[in-house]
Amino acid sequence: MDLHKLLSALTPQIYVNLCRAVELGRWPDGKPLTAEQRALCLQAVIAYDAEHKPASERVGYLPPKSGKVSGAALGDGGDEVVNENAGVAQPLQWRH
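Residues numbered from 1 in each chain as written. Predicted model: local features only at pLDDT ≥ 70, side-chain atom pairs only at ≥ 80, totals over all residues. Heavy atoms only, no water.

This part covers the packing of aromatic side chains. In total, this model carries one aromatic pair according to the counting rule given. Look at Tyr15 and Tyr48: their rings are 4.5 Å apart centre to centre, the planes differ by 25°, and that puts the pair in the stacked class. In this pair, Tyr15 sits in helix 2 (residues 12–24) while Tyr48 sits in helix 3 (residues 35–52), placing the two residues 33 residues apart along the sequence. (Phe/Tyr/Trp six-rings, centres within 6.5 Å; stacked < 30°, edge-to-face > 60°. Helix = DSSP H or I, 4+ residues; strand = E, 2+ residues; numbered from the N terminus.)

Oppositely charged side chains can pair when the atoms bearing their charge come close. What the rule picks out here adds up to two salt bridges. Between Glu23 and Arg20 there is a salt bridge, with its nearest N and O atoms 3.7 Å apart. A residue pair is termed a helical-turn pair when its members lie 3 or 4 positions apart in one helix, as Glu23 and Arg20 do in helix 2 at three residues. The exposed category is assigned to Glu23, whose relative accessible area is 55%. Classification of Arg20 by relative accessible area gives partly exposed; the value is 46%. Close ionic contact of Asp49 with Lys53 constitutes a salt bridge, the shortest N to O distance being 3.7 Å. By relative accessible area, which is 1% here, Asp49 ends up buried. (Salt bridge = Lys/Arg side-chain N within 4 Å of Asp/Glu carboxyl O. Buried < 20%, exposed > 50% of the residue type's maximum accessible area, 1.4 Å probe, protein only.)

Right, dumping it as structure tokens:
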């Protein structure tokens, strides 16, 4: 099954269950997710969000702190924020 077929088969209830499973690390019946299952569920949640929700409602969305956000930073491939003081695009600093 390809990604588009999978996404079209996901109902809002399945989406909620996947989100909850990723959040808790367990299936609704209480069995723990494996690391692989958790990663696959998260990928499905992210893909579902990309197809059905605006950027500001997606899982993991962080609103910009300040400055203008370039179109690239909103999900079309780039990770840059424009600093309105400098007017120059700067890469985001991701923290783990």
